[in-house]
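Each chain is listed here by its residues.
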Amino acid sequence: MNILIIGGAGYIGSHMLKQLSKAGNQVVVLDNLSTGFRELACYGQLVVGDLADTPLLERLFCEHQFDAVMHFAACSLVGESVNDPGKYYRNNVSNTLNLLDVMVRHHVRHFIFSSTAATFGEPEYTPIDEAHPQAPINPYGASKLMVERALQDYATAYGLNSVSLRYFNACGADPEGEIGECHDPETHLIPLILQAASGRRESITVFGRDYPTEDGTCIRDYIHIEDLCSAHALALQALVSGEKSGALGFNLGNGLGYSVQAVIDAVKEVVLQDGCHLIIEEGQRRVGDPAKLVADASRAKQELGWLPEYADLTTIIQHAWAWEKKLAKM
Ligand code: UDP
């Protein structure tokens, strides 16, 4: 297939790019490099540009006969979205509609969209399945839900078929060690702990120990980046084969919850083998953090035939640690 990957120089997009290229697809990456890195887009052709640039999109769609588009490019910091919602609605909603309209004009009918567990808001129950009400509590989640909603209408009116994949906590790195997670600033738990272990950061702060969980720290569902990407490939296959159509949504997670403390303990064991230690500090709760977010991903398993391969937390951490050591030049 001939696939356009928007945001293919970012963390998730670059792993998808590698997986799709290795499977024999032609891939073109469009990325404005605002948060992505040229070095991560190491397969296919990289076009540096922005989704707001309609003439550029038109040119790209004229030059390439794309069979499908995968869209990973988004602003994704919850705190920033609260302080600067305009940036989120413009980039995540308006620019995505721009892309969808170009797709419609060029009769490209298969679309895979990066959505998020943040579309659910404060959980009413866990594990969270697709029937859970979507009531986002921040502009980031709201911006993703707006696109999910628009996709339903684009399916009905224009026959644009899509799958929105709602990620829980994406983590880990390419098992071959070629690419991995790079955010600036980094805000995610696992890379932050690993940076504290490698010496690129002094310590890791636990954001609250007074949550209603067994050890008092928040519980999240950590899903390996490779598994996340394999779900995208299956979703695309289901659309292209005609097995699925319309605007569908699937939750992607392991269905296993690990507390912040459990993640720290697992990291300690892995990094100790390299003689590394961690300094842990205690902090206040981070605003907007629910106590427990765990996915029920049975629908993706049943309907897409998805089978996570790297569900084990230690494996996730080992892959992320190998990447961190490369960044820290250890
Ligand atoms: N967390 C933490 N210290 C940090 C960063 C994160 O204790 O320096 C906690 C955070 O409160 C949450 C969990 O780790 O409970 C996962 O946070 P992350 O930002 O990785 O992902 P999120 O669940 O917010 O998407």
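Chemist: Tell me about the overall build of the protein, residues and numbers included.
Modeler: Looking only at helices and strands, the protein features 10 helices and 14 strands. The C-alpha radius of gyration computed for the protein amounts to 19 Å, which stays within 12% of the reference 20 Å derived for 330 residues, consistent with globular compactness. Within the protein, the fraction of its 330 residues that count as buried is 54%. In the protein, of all internal contacts separated by at least 6 residues, the share reaching a separation of at least 24 is 78%. When the accessible surface of the protein is totalled, it reaches about 14,100 Å², and 49% of it is carbon and sulfur. Averaging the coordinates of the 25 positive side-chain charges in the protein and doing the same for the 41 negative ones gives two points 3 Å apart.

Chemist: Lay out the sheet that holds strand β9 (residues 219–220) in plain terms, naming residues and giving numbers.
Modeler: Read from one edge of the open sheet, three strands run β12-β9-β14, paired in mixed fashion. The two strands at the open ends of the sheet, each matched to only one other strand, are β12 (258–259) and β14 (292–293). In the sheet, β9 pairs with β12 via two bridges, with the strands oriented antiparallel. Each residue of the ladder has a partner; that of R220, found in β12, is Y258.

Chemist: How would you summarise the layout of surface pockets if you had to cite specific residues and measurements?
Modeler: When its volume is computed, the second largest pocket comes out at roughly 220 Å³. Lining the second largest pocket are 17 residues, and of these E181, C182, Q195, R200 and L327 lie nearest its centre. Mapped onto the lining of the second largest pocket, the elements with two or more residues apiece are α6 (189–198) and α10 (313–327).

Chemist: If you had to explain the environment of T96 to someone new, which residues and values would you point to?
Modeler: Within the secondary structure, T96 sits in helix α4 (residues 85–105). The sequence separation of T96 and A150 amounts to 54 residues, and the corresponding C-alpha distance is 10.0 Å. Not counting chain neighbours up to four residues away, the residues in contact with T96 comprise H71, N91, F111, F113 and V147.

Cut-offs and rules
Residues numbered from 1 in each chain as written. Predicted model: local features only at pLDDT ≥ 70, side-chain atom pairs only at ≥ 80, totals over all residues. Heavy atoms only, no water. Helix = DSSP H or I, 4+ residues; strand = E, 2+ residues; numbered from the N terminus. Rg over C-alpha atoms; globule rule 2.2 N^0.38 Å. Buried < 20%, exposed > 50% of the residue type's maximum accessible area, 1.4 Å probe, protein only. Contact = heavy atoms within 4.5 Å. Areas by Shrake-Rupley, 256 points an atom, 1.4 Å probe, with all protein chains shown as cover. Lys, Arg positive; Asp, Glu negative; His and termini not counted. Charge placed at Lys NZ, Arg CZ, Asp CG, Glu CD. Pairing = 2+ DSSP bridges. 1 Å grid on protein atoms, 1.4 Å probe; cavity = no way out; pocket = protein on both sides within 12 Å on 5 of 7 lines; lining within 4 Å. Points joined across faces, edges and corners; volume = space filled by probe spheres on them.

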